[in-house]
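# A structural walkthrough
Single-letter residue listing:
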Amino acid sequence: MMRLITNPMINKELRQRLRERRAWLLPTLYLLILSGTVSFAYYMTTDAEMRSQREVQGADIGLAIFFTVVFTQIIALLLMAPVFSAGSITIEKEQRTLTGLLTSLLSVTQIWWGKFVAALLYLLLLLLSALPILALSFAFGGVEPLQLVRATASTVLVLAAICSVGLWCSATFRRSIHSTAACYGIVLVLSVVTAVIFGILMSHWSSRHFMLMRRGDGPPAYVQAPLFLNPLYPLLSMMDDADFREFIYPTSSWLLFAAMGCLAAAFAMRRLKRGSDQL
Amino acid sequence: MIEVEELRKTYRGGRGLHGFSFRLESNELVGLVGPNGAGKTTLIKILATLIPANSGKARVGGHDVSADPRAVRAVAGYLPDIAGIYQDLRVRELLEFFADAFRLKEPKRSAAIQIALELSGLQDRTDEYVEHLSLGWKQRLLLAKTLLHEPKVLLLDEPATGLDPLARISLREQLKRLHSEGVAILISSHILSDLEDMCTRILFIADGKNVSEPGAPALSAGIPETRIQCEIGFQGPSELANQALENIPGARVLERKEGFLLIEIPGGAAEASSLLRAIVNSGMVVEHFDARGPGLEERYRRAFGERLS
């Protein structure tokens, strides 16, 4: 356990990562995007007040900012996670440095862990850098600290799972371009295909259970099941909006993402152990 | 230090190793030669614990490569043919990383890094990025990095690839020094002159199997050359030499010119000495006498000639 914490791979990976130009460019871009969306959310909420002639409470603005930031950041980070994880091992293959690692006393677990922690830490850095923006919602009210903790934890869990999947792709393919494309494919399947399947199941279910729908009952767990693998599901389940109130199974989603991450990690390490023929 | 018995590793298309065997003792610097696709890299990769063999036994430093790969890595240093290096790290950072990767603890860690810097001649360039070093310097750094944990066995796969003559000479000198310090070295290379200069023994490999030289059947077992070539510069009629050669069984004239003879005889230095004595006794005036085993190129041609033609 101690060897995982004092892992020289982490130090090396972070050093290399922070020396890249994109290490400073991406956070800048990321914060600019978040600032833009917050301004947009603020404008839309206050503009709604003028259009509907109804008074908008500070809490409404706070919630709008909070959810806008939370969803924008998970989408942005989902787009970045494959870049940082899926090229992580393939670059060692492309630069022929993996043999040096595999013939050292570093275990495959240490190599994987170093890559994983470095990828995740960089994404956490972005997540942390957005906290001041997220804190704006507290100035307006309407958001509980527990919501912030839950949203951040959900985001971290989803990102960790995606990083793990990215590393599995990276251990499987020889070229970074192929592993990154495969990882984006998986993210696309999780984000879009699960939603489409849910839509199909939902329309089938609602046509059969029209009365239940009218009574305001949401779809049962088996209809929502495909969405458990959707990275946005745990966040949707937090929303107090009428449209999303039926999404009440965040724990299932968390467990599925945790299982996905663990499975991907096991496959990646197995591939690293047996995949020396790729060197 | 290295024991390999009937090692087999088959790739698609039939390439790989098909029952290769050899032993390497701790005081040896052994060259591994053979045509492309002979199985040299596969053998070295198996010994470096990078790929598993299908069957057979391989032990490095007394440890089985498949049963105890970590113990093998602790005693072996491996340098691949085209070794990658972290270009975006500084020289010292690279050495520090590998010192940590080999679990060196202070004060041994600092000492090992210092020695590596001195060995590579990079002690004044510790803060330079690796990408700014020339290929020769990078190769020196790679070798220094490979030696950080003081391996007892070195596995080198074409380490001189792409190096300029000076860098090659430097590499050769380093390997000779390491050999003199007791490091057992197995080196695969196509640069026969380098191997000839530094190796104590040559192993021939083709199609994944041991190849023995015609006339030198036990070469792979470590028995010295069995034939020797003698260059003789002389004054007087060369017919006198014929009489002398009649008394040397198995002697063969390879080349005859005015004042020059190239003779091949079975045996080693003692037999060459007998030949010289016989020639002098025959009345020839010897101006020059040089006895040496056939060059590695010649031995390579003998071993693989049929395959090449």
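The residue numbering used here restarts from 1 in each chain and proceeds along that chain's sequence as written. Each chain takes a letter, starting from A, and each ligand takes a number, starting from 1, following the order in which they are written. With the structure being a predicted model, the display of local features is reserved for residues of pLDDT at least 70 and the display and counting of side-chain atom pairs for 80 or more, all residues being used for whole-chain, interface and lining totals.

### Description of the overall build of chain B
Counting its secondary structure elements, chain B contains 10 helices and 14 strands. The dimensions of chain B, computed from C-alpha atoms along their principal axes, are 70 × 45 × 35 Å. Labels follow a simple rule on C-beta atoms placed from the backbone: if 20 or more others lie within 10 Å of a residue's own, it is buried; if 12 or fewer, it is exposed; otherwise it is partly exposed. Within the span of chain B, comprising 309 residues, buried residues form 39% of the whole. Two residues qualify as a contact pair if the distance between their C-beta atoms, derived from the backbone, is within 7 Å. Within chain B, counting contacts between residues at least 6 apart in sequence, those at least 24 apart form 70% of the total. The way it works is that DSSP assigns letters per residue, a run of H or I at least four long becomes a helix, a run of E at least two long becomes a strand, and they are numbered from the N terminus.

### Comments concerning the overall build of chain A
Counting its regular elements, chain A contains 14 helices and 0 strands. The order of helices and strands in chain A, counted from the N terminus, is α-α-α-α-α-α-α-α-α-α-α-α-α-α.

### Some remarks on unusual backbone geometry
Residues and elements named next belong to chain B. Here E106 and P107 are connected by a cis peptide whose omega angle stands at 5°. Along the polypeptide, P107 turns up in the loop between α3 (91-101) and α4 (108-120). A positive phi is found at E6, a non-glycine position, where the angle reads about 45°. Along the chain, the position of E6 falls in strand β1 (residues 2-10). At T49, a position not held by glycine, the phi torsion is positive, near 65°. In this structure, T49 sits in the loop between α1 (40-47) and β4 (55-60). Judged by local crowding, T49 falls into the buried class, with 24 C-beta atoms found within 10 Å.

### A closer look at the sheet that holds β4(B)
Residue and element names in this part refer to chain B. Two strands are said to pair when DSSP picks up at least two bridges between them. Taken in spatial order, the 4 strands make up an open sheet running β2-β1-β4-β5, and their pairing is antiparallel. The strands lining the two open edges of the sheet, one partner per strand, are β2 (16-24) and β5 (63-64). Of the pairings in the sheet, the one linking β1 to β4 comprises 5 bridges and is antiparallel in character. In the sheet register, E3 faces β4, and the bridge partner there is R59. Here an angle of 0 to 180 degrees is reported between the N-to-C directions of two axes, which are lines fitted to C-alpha atoms, with helices fitted over the stretch in contact. Its contacts with the sheet place α1 against β1, β2 and β4, and it is angled at close to 120° to β1.

### Examining the sheet that holds strand β14 (residues 285-292) of chain B
Residue and element names in this part refer to chain B. The sheet built from 4 strands is open, its strands ordered β12-β13-β11-β14 with antiparallel pairing. Single-partner strands in this sheet number two, and they are β12 (252-257) and β14. Across this sheet, the average inter-strand angle for adjacent strands is 15°, counted without regard to direction. Relative to strand β13 (residues 260-266), β12 is paired through 5 bridges, and the arrangement is antiparallel. Note on β13: the bridge partner recorded for K257 is F260.

### Description of the interface of chain A and chain B
Across the contact, 18 residues belong to chain A and 23 residues belong to chain B. Mapped by element, the contributors of at least two residues to the side of chain A that touches chain B are α2 (8-19) and α6 (98-102) of chain A. With 5 residues, α2(A) is the single largest residue contributor to the side of chain A that touches chain B. For the side of chain A that touches chain B, the class distribution of residues is 5 nonpolar, 8 polar and 5 charged. In this count, Pro and Cys sit with the nonpolar residues alongside Ala, Val, Leu, Ile, Met, Phe, Trp and Tyr, while Asp, Glu, Lys and Arg are called charged and the others, Gly among them, polar.

### Quick look at the nonpolar core
B:L47, B:L155 and B:I185 are the most contacted members of the largest nonpolar core, which has 138 residues in total. The greatest single-element share of this core, amounting to 14 residues, is contributed by helix α4 (residues 58-85) of chain A. Residue contacts for B:I185: discarding those within four places in its chain leaves B:L29, B:V30, B:L154, B:L156, B:L175, B:L178 and B:H179. Core analysis: the second largest hydrophobic core is formed by 13 residues, B:C230, B:A241, B:L275 and B:M284 among them. Buried Ala, Val, Leu, Ile, Met, Phe, Trp, Tyr and Cys residues form a nonpolar core when they are connected through C-beta atoms within 7 Å.

### Focus on the packing of α4(A) against helix α7 (residues 108-129) of chain A
Residue and element names in this part refer to chain A. At a minimum axis separation of 10 Å, α4 and α7 run at an interaxial angle of 155°. Taken as axis vectors, α4 and α7 run roughly antiparallel relative to one another. Two packed elements cross with a definite hand, and for α4 against α7 that hand is right-handed. Seen from α4, the contacting residues are Q73, L77, M80, A81, F84 and S85; seen from α7, they are A119, Y122, L123, L126 and L127. Of the residues that constitute the contact of α4 with α7, the class distribution is 9 nonpolar, 2 polar and no charged. Relative orientations are named as follows: roughly parallel for angles under 35 degrees, roughly antiparallel for angles over 145 degrees, roughly perpendicular for angles from 65 to 115 degrees, and oblique for any other angle. Handedness of each helix crossing follows the sense of rotation of the near helix against the far helix: counterclockwise by less than a right angle gives left-handed, clockwise gives right-handed.

### With respect to α2(A)
Expected helix span is given by 1.5 Å per residue-to-residue step, counting one fewer step than there are residues. Here α2(A) contains 12 residues, and its C-alpha end-to-end distance of 17 Å stays within 8% of the 16 Å for a straight helix at 1.5 Å per residue. By the burial criterion, the buried members of α2(A) are A:P8, A:M9, A:K12 and A:E13. In an axial view of α2(A), the angular spread of the buried residues amounts to 125°, which keeps them on one side of the axis. Looking at the buried residues of α2(A), the elements they touch are α7 of chain A together with α3 of chain B. As used here, the arc belongs to the directions running from the helix axis to the C-beta atoms.

### Quick look at the domain arrangement of chain B
The source of the domain bounds is an automatic or database domain assignment. Parsing chain B into structural domains produces domain 1 (2-85 + 137-218) and domain 2 (227-293). Taken over C-alpha atoms, the centre of domain 1 of chain B sits 38 Å from the centre of domain 2 of chain B.

### Considering the environment of A:I248
Residue position: A:I248 is located in the loop between α13 (233-236) and α14 (250-274). The sequence separation of A:I248 and A:Q224 amounts to 24 residues, and the corresponding C-alpha distance is 9.4 Å.

### Notes on the environment of B:L245
Residues and elements named next belong to chain B. Within the secondary structure, L245 is located in helix α8 (residues 239-246). Taking the C-beta count within 10 Å as the criterion, L245 has 20 such neighbours and is therefore assigned buried. The spacing of L245 and L50 is 195 residues in sequence and 54 Å in space, taken between C-alpha atoms. Every residue in contact with L245, bar those within four places of it in the chain, is listed here: A251 and I263.

### Focus on the packing of α4(A) against helix α9 (residues 145-172) of chain A
Residues and elements named next belong to chain A. Closest axis-to-axis distance for the α4/α9 pair is 8 Å, and the angle between their directions is 20°. Viewed along their axes, α4 and α9 adopt a mutual orientation that is roughly parallel. The two elements α4 and α9 meet at a crossing, and its hand is right-handed. When α4 is examined against α9, the residues V70, Q73, I74, L77, L78, A81, P82 and S85 are found in contact with a partner set consisting of A151, T155, V158, L159, I162, C163, G166, L167 and S170. Residue classes in the contact of α4 with α9 are distributed as 12 nonpolar, 5 polar and no charged.

### With respect to the pairing of β12(B)
Across the 6 residues of β12(B), 0 count as buried, placing the element largely on the outside. Following β12(B), the chain reverses through 2 residues before pairing antiparallel with β13(B); B:G259 in that reversal takes a positive phi of roughly 75°.

### Here's the deal with the pairing of strand β9 (residues 201-206) of chain B
Consecutive side chains along a regular strand alternate between the two faces of the sheet. Residues and elements named next belong to chain B. Where strand β3 (residues 29-33) and β9 come together, 4 bridges link them in parallel fashion. Within β9, the residue paired with V30 across the bridge is R201. When β9 meets strand β10 (residues 209-210), the two strands line up antiparallel, connected through 2 bridges. Each residue of the ladder has a partner; that of I205, found in β10, is N210. Between the antiparallel neighbours β9 and β10 lie 2 residues, among them D207 with a positive phi of about 50°.

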